[in-house]
Amino acid sequence: MTMVTISALQRITAPKLAEMLLASASQPSSDANKVAIVDVRDDDHIGGHIKSSLHFPSRSLDATMPTLLRKLADKDVVIFHCALSQQRGPSAALRYLREKEAAAAAVKKAAEENTAEGKPEKQQQVYVLDRGFVGWQEAYGPDERLTEAYRKELWEEY
């Protein structure tokens, strides 16, 4: 088992994520749900959010990680973010990857005990959104195709 580190986390830019979301919105429904965005902002989860994102506050990840692992199991791409993606977003992504890896190892061990061959795990790409929601809202806040519940007046001082 490899140990993932913060420095090994991949980053994704807001324009690249916007491109992915717009492309998936125009695809048939079977392909549209392959990308998941996890917003780990806590009390600062105000003023808008990326369309279709899941809100899992960082302060409650201890309790909600098993649910998050189940919800994201079938996704090809998972993107984590917080306000700036400097602390909570990367920490949540790292924790998710480690928990996912531990769960996969347990399943593999159980499968090896019961059968000679285990089912290979699908490779999932996990990213952290560069500059978090602050960077996102600067470029895409008013774009209703990409951002929901946006309130510009709350972001004017950022």
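Use the structure listed above.
About the cut-offs
- Every chain is numbered on its own, with residues counted from 1 as its sequence reads.
- Only residues with pLDDT of at least 70 get local features here, since the model is predicted, and only at 80 or more are side-chain atom pairs given and counted; chain-wide, interface and lining totals rely on the full set of residues.
- Processing note: side-chain calculations cover all non-hydrogen atoms of the structure and skip hydrogens and water entirely.
- Elements are defined by DSSP. Helices are runs of H or I of four residues or more, strands are runs of E of two residues or more, and each kind is numbered from the N terminus.
- Here, two residues are considered to be in contact whenever any of their heavy atoms come within 4.5 Å of each other.
- Each accessible area is a Shrake-Rupley estimate made with a 1.4 Å probe; only the visible protein chains count as cover when residues are assessed.
- Here, expected helix span is obtained from the residue count minus one, scaled by 1.5 Å.
- Working definition: with a 1.4 Å probe on protein chains only, accessible area under 20% of the residue-type maximum means buried, over 50% means exposed, and in between means partly exposed.
- Summarising the geometry, the arc corresponds to the directions from the helix axis toward the C-beta atoms.
- Any two strands are treated as partners once DSSP identifies two or more bridges connecting them.
- Axis lines are fitted to C-alpha atoms, over the contacting stretch for helices. Their N-to-C directions set the angle, which ranges from 0 to 180 degrees.
- Counted as salt bridges are all cases of a side-chain nitrogen of Lys or Arg within 4 Å of a carboxyl oxygen of Asp or Glu.
- Nine residue types can take part in a nonpolar core, namely buried Ala, Val, Leu, Ile, Met, Phe, Trp, Tyr and Cys, and a core is a set of them joined through side-chain atoms within 4.5 Å.

Here we take up the overall build of the chain. Scanning the chain for helices and strands turns up five helices and seven strands. For the chain, the α and β elements follow one another from N to C terminus as β-α-α-β-β-β-α-β-α-β-α-β. A separation of at least 24 residues holds for 73% of the contacts in the chain among residues at least 6 apart in sequence. Accessible area for the chain stands at about 9300 Å²; split by element, carbon and sulfur atoms hold 51% of it.

On to helix 1 (residues 14-25). When the terminal C-alpha atoms of helix 1 are compared, their 16 Å separation across 12 residues agrees well with the 16 Å that a helix rising 1.5 Å per residue should span. Where helix 1 is concerned, the buried positions are A14, L17, A18, M20, L21 and S24. Within helix 1, the buried residues cover an arc of 160° as seen down the axis, which keeps them to one side.

Moving on to the sheet that holds strand 1 (residues 10-12). Judged by pairing direction, the sheet is parallel, and its five strands sit side by side in the order 1-6-5-2-4 without closing on themselves. Edge positions in the open sheet fall to strand 1 and strand 4 (54-55), since each of these has one partner strand only. With five bridges connecting them, strand 2 (residues 35-39) and strand 5 (residues 77-81) associate as parallel partners. Residue I37 lies in a different strand from strand 5, and its bridge partner there is I79. The sheet contacts of helix 1 involve strand 1, strand 2, strand 5 and strand 6 (125-129), and relative to strand 1 the element is tilted by about 70°.

A word on the pattern of salt bridges. Working definition: two side chains of opposite charge can pair if their charged atoms are close together. The final tally for this structure, using the stated rule, is 12 salt bridges. Notably, a salt bridge pairs R88 with D44, separated by 2.7 Å at the nearest N-O pair. Here R88 is found in helix 4 (residues 88-114), whereas its partner D44 is found in the loop between strand 2 and strand 3 (49-50), with 44 residues between them in sequence. Under the relative-accessibility criterion, R88 is labelled partly exposed at 22%. Across the pair E153 and R151 runs a salt bridge whose closest N-O atoms are separated by 2.9 Å.

Grouped together as the largest cluster of nonpolar side chains are 21 residues, with contacts concentrated most on V38, L68, L72, F80 and Y96. Elements represented by at least two residues in this core include exactly strand 2, helix 3 (61-72), strand 5, helix 4 and strand 6. Core analysis: the second largest hydrophobic core is formed by 20 residues, L21, V77, Y140 and W155 among them.

Most of strand 5 sits out of view: five of its five residues are buried. Both faces of strand 5 are covered, namely the face carrying V77, I79 and H81 and the face carrying V78 and F80. For strand 5 and strand 6, the ladder comprises four bridges, and the chain directions are parallel. When the sheet's bridge partners are listed, V78 is paired in strand 6 with V126.

In this section: helix 5 (residues 132-140). With seven of nine residues buried, helix 5 is to be regarded as a mostly interior element. Within the sequence span of helix 5, burial applies to G132, F133, V134, G135, W136, Q137 and Y140. Considering only its buried residues, helix 5 is in contact with helix 1, strand 3, strand 5, strand 6 and strand 7 (147-148).

Interpretation note: all reported values are geometric properties and have no functional meaning in isolation.
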